[in-house]
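Descriptive structure summary
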Amino acid sequence: MKLILASASPRRHEILSLAGLDHEIRPSDADESAIAYTPHQPEQYVIALAGCKADAVPAGENEIVLSADTIVYVPETDEILGKPKDRADAVRMLSLLSGSTHKVITGVCIADASGITDCFAVVSDVHFRTLSEAEIGEYIDRCRPFDKAGAYGIQEGACHFVDCITGDYYNIVGLPICAVYTRLRPLIFENNSL
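Residues numbered from 1 in each chain as written. Predicted model: local features only at pLDDT ≥ 70, side-chain atom pairs only at ≥ 80, totals over all residues. Heavy atoms only, no water.

**Side note on the overall build of the protein chain**
- Within the protein chain, the regular secondary structure consists of 6 helices and 7 strands.
- Going residue by residue from the N terminus, the α and β elements of the protein chain occur as β-α-β-α-β-β-α-β-β-α-β-α-α.
- Expected size for 194 residues packed as a compact globule is a radius of gyration near 16 Å; at 17 Å, the protein chain falls within 12% of this value.
- Principal axes of the C-alpha set define a box for the protein chain whose edges measure 55 × 35 × 25 Å.
- By sequence separation, contacts in the protein chain at least 24 residues apart represent 65% of the contacts at least 6 residues apart.
- Summed over all atoms, the accessible surface of the protein chain reaches about 9,200 Å², with 51% contributed by carbon and sulfur.
- Separation between the mean location of the 16 positive side-chain charges and that of the 28 negative ones in the protein chain comes to 4 Å. (Helix = DSSP H or I, 4+ residues; strand = E, 2+ residues; numbered from the N terminus. Rg over C-alpha atoms; globule rule 2.2 N^0.38 Å. Contact = heavy atoms within 4.5 Å. Areas by Shrake-Rupley, 256 points an atom, 1.4 Å probe, with all protein chains shown as cover. Lys, Arg positive; Asp, Glu negative; His and termini not counted. Charge placed at Lys NZ, Arg CZ, Asp CG, Glu CD.)

So this is what it looks like as structure tokens:
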């Protein structure tokens, strides 16, 4: 059974590799703009995004497709922070996260040749210490986090922003590997391993 990662994310590829899961990368070209957000339902939204990606990369015979999407969610304002449009948007996002707790939510879907078989979401709470305007600007200029939800990568320069995490660290990076592996394991062993 071959594992297919329906994502071009280098972070997801690296996490699967760290877990010892051989896989092929087959990026999804799904139109994520077709998925509408229903207020106060971030988990359902991110699962729908992951499902959209899985649908765009159909599994062949003896293949398992894994898709995922990660969002940063601010409960107080019911705002989803995607990838920043520009520097000003990145400053806005990091200023919003400064000194508060937000949620990082990853939706995951697993599919085989019959279609999607399992979808779920994993939530991690992340608390940022209070950040100065100078720190925010320096981080953006140094790390250029324009390809990251919420305008930060915990594994790439923003680790010193975070003073407390509740939940799965790898979920914050982009793939909750413990939950993913637990769900893939029966498929792996049932089908003579990856």
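**Side note on the confidence of the model for the protein chain**
- Model confidence for the protein chain is summarised by a mean pLDDT of 94, while 97% of its residues fall at 70 or above.
- Put simply, helix α6 (residues 177–190) is where the protein chain has its lowest mean pLDDT, 87, and helix α3 (residues 87–97) is where it has its highest, 98. (pLDDT = per-residue confidence, 0-100.)

**Description of the nonpolar core**
- Core analysis: the biggest nonpolar cluster contains 41 residues, and L66, L94, F128 and Y152 have the highest contact counts within it.
- With near-sequence residues (within four places) excluded, L94 lies in contact with F128, L131, I136, Y139, I140, G150, A151, Y152 and F161. (Core = buried A, V, L, I, M, F, W, Y, C linked by side-chain atoms within 4.5 Å. Buried < 20%, exposed > 50% of the residue type's maximum accessible area, 1.4 Å probe, protein only.)

**Quick notes on the packing of α3 against helix α4 (residues 133–143)**
- Interhelical geometry of α3 versus α4 gives an angle of 130° and a closest axis separation of 10 Å. On the basis of the axis angle, α3 is oblique to α4. α3 and α4 meet at a crossing whose hand is right-handed. Every residue of α4 that contacts α3 at R87, A90, V91, L94 and S95 is listed here: I136, G137, Y139, I140 and D141.
- Class assignment for the residues of the contact of α3 with α4 results in 6 nonpolar, 2 polar and 2 charged. (Axes fitted to C-alpha atoms, helices over the stretch in contact; angles between N-to-C directions. Parallel < 35°, antiparallel > 145°, perpendicular 65-115°, else oblique. Left-handed = near helix turned anticlockwise from the far one by under 90°. Nonpolar A, V, L, I, M, F, W, Y, C, P; charged D, E, K, R; others polar.)

**Quick notes on the pattern of salt bridges**
- Inspection of the entire model under this criterion finds 14 salt bridges.
- With its nearest N and O atoms 3.0 Å apart, the salt bridge here joins R26 to E24.
- In this structure, D125 engages K103 in a salt bridge whose closest nitrogen and oxygen atoms are separated by 2.7 Å. With a gap of 22 residues between them, D125 in strand β6 (residues 115–128) and K103 in strand β5 (residues 101–112) connect regions that are remote in the sequence.
- Take K103: its relative accessible area is 27%, and that puts it in the partly exposed class.
- Among the ionic contacts, a cluster of salt bridges with common partners joins K2, E24, R26 and E63. (Salt bridge = Lys/Arg side-chain N within 4 Å of Asp/Glu carboxyl O.)

**Here's the deal with helix α1 (residues 10–18)**
- Residues of α1 that are buried: R11, R12, I15 and L16. Along the axis of α1, the buried residues cluster in a sector spanning 135°; they form a single face. Counted as exposed and oriented over 90 degrees from the buried face of α1: P10 and L18.
- Where α1 begins, the side chain of S9 points an oxygen toward the backbone nitrogen of R11, at a separation of 3.2 Å. (Arc of directions from axis to C-beta. Polar contact = N/O pair within 3.5 Å; in protein donor to acceptor, adjacent residues only side chain to side chain.)

**Regarding the state of the cysteines**
- Here the structure, examined in full by the defined rule, presents 1 disulfide.
- Between C109 and C119 runs a disulfide, and the two sulfur atoms are separated by 2.2 Å. Here the disulfide of C109 and C119 is right-handed, its torsion about the S-S bond being about 110°. Within this pair, whereas C109 is found in strand β5, its partner C119 is found in strand β6, the two being separated by 10 residues in sequence.
- For C109, a relative accessible area of 0% corresponds to the buried category.
- Just so you know, C52 is unpaired, no disulfide at all, and the nearest cysteine sulfur is the one on C109, 9.9 Å from it.
- The structure places no disulfide on C159, whose sulfur is separated from the nearest cysteine sulfur, that of C143, by 9.2 Å. (Disulfide = S-S within 2.5 Å.)

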